[in-house]
Amino acid sequence: MNSGNPGVLSQLIREPLLHFLVLGAGLFALYAMVNNDESRRGDRIIVDEQQISRLAEQFQRTWMRPPTRAELEGLAEDFVKEEVLYREALSLGLDQDDLVIRRRMRQKMEFLNADLAEMQTPTVAELQDWLDAHTDLYRKPATTSFEQIYFNPERSGDDAHQRASSLLERLNSQEMDVETLGDPTLLPATLEAATSSEISATFGSQLVEAIESAPEATWSGPYTSSFGLHLVRVTDRVPSRLPALTEIRRAVERDWLADRRLEANELFYDALRKRYRVEIYLPEIGKAPPLAARKP
């Protein structure tokens, strides 16, 4: 390793393995400090100035004012009570096999490691590499804006298809107030910048393909949906596109950091797991007792 090369040094600083080593050293130092702390041994409980300061800060965040002397004494006594009960609970093994406690402690360990990933600030090149490798996550879908005139085939006394076809000729040859045309319906007369999914959710999947292939700036149809018949005029189409990094940098950076957190957690766990000799005995396939017969 050339320690004089700033590029190599910068890359090394970003390596998750280095983060793990730093975290591991920090955790071991913390473990040693905690286990050397006399206040944690035996029957001695010390509420020092640092602990008092934390209690006062918690009180102030809750009540928006500093505690009085009497309140501070009460907080200290409550802390002592909690510590006494906590130690007695540990001595009785009440923390064992408690699913809530186990999950909470696991979560705290993962938070410790995740904090290191949060300290990283990705470069533009790293974010661009991430975006290039995950284009499907950020690609904007194609959209279509269109108007439609609805014809109800269940209306008695006429042929809906014939009425729609007759109106189509006039729509493309003269100015008409389209809001007054067609049959009454709760379907929207227009959709703006709608994706295929949005069109399908409103008109059903049958009309999506027809609208996507319909000509622009002219009325066409009639097209069939699950509701009836439609004349359609497409007013705008925007093809699917991948936004530039500058447009979606915040989302890309969020996802990049989440991936780094996951990677750091996996490295951290892998290293910790190697310290244990794990033995797992799974029942043979087909011999596991049914769930209803298992003890709770």
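Scroll up a little and you will see the structure.
All values derive from a computational prediction rather than experimental measurement.

S.K.: Explain the overall build of the protein to me, using residue names and the numbers behind them.
M.R.: Check the secondary structure of the protein and you find 11 helices and 4 strands. With 296 residues in all, the protein has 25% of them scored as buried. Considering only contacts in the protein between residues 6 or more positions apart, those separated by 24 or more positions represent 66%. Total accessible area on the protein stands at roughly 21500 Å², and carbon and sulfur atoms take up 54% of it.

S.K.: Could you give me a rundown of the packing of helix α9 (residues 196-203) against helix α10 (residues 205-213), with the residues and numbers involved?
M.R.: Two elements in contact, α9 and α10, have axes separated by 7 Å at closest approach and are oriented at 130 degrees. Overall, the two elements α9 and α10 adopt an arrangement that is oblique. With respect to the hand of their crossing, α9 and α10 are arranged in right-handed fashion. In this structure, α9 uses Ser196, Ile199, Ser200 and Phe203 to contact α10, whose residues at the interface are Ser205, Leu207, Val208, Ile211 and Glu212. Taken together, the residues of the contact of α9 with α10 sort by class into 5 nonpolar, 3 polar and 1 charged.

Thresholds, definitions, all that
- Residues numbered from 1 in each chain as written.
- Predicted model: local features only at pLDDT ≥ 70, side-chain atom pairs only at ≥ 80, totals over all residues.
- Heavy atoms only, no water.
- Helix = DSSP H or I, 4+ residues; strand = E, 2+ residues; numbered from the N terminus.
- Buried < 20%, exposed > 50% of the residue type's maximum accessible area, 1.4 Å probe, protein only.
- Contact = heavy atoms within 4.5 Å.
- Areas by Shrake-Rupley, 256 points an atom, 1.4 Å probe, with all protein chains shown as cover.
- Axes fitted to C-alpha atoms, helices over the stretch in contact; angles between N-to-C directions.
- Parallel < 35°, antiparallel > 145°, perpendicular 65-115°, else oblique.
- Left-handed = near helix turned anticlockwise from the far one by under 90°.
- Nonpolar A, V, L, I, M, F, W, Y, C, P; charged D, E, K, R; others polar.

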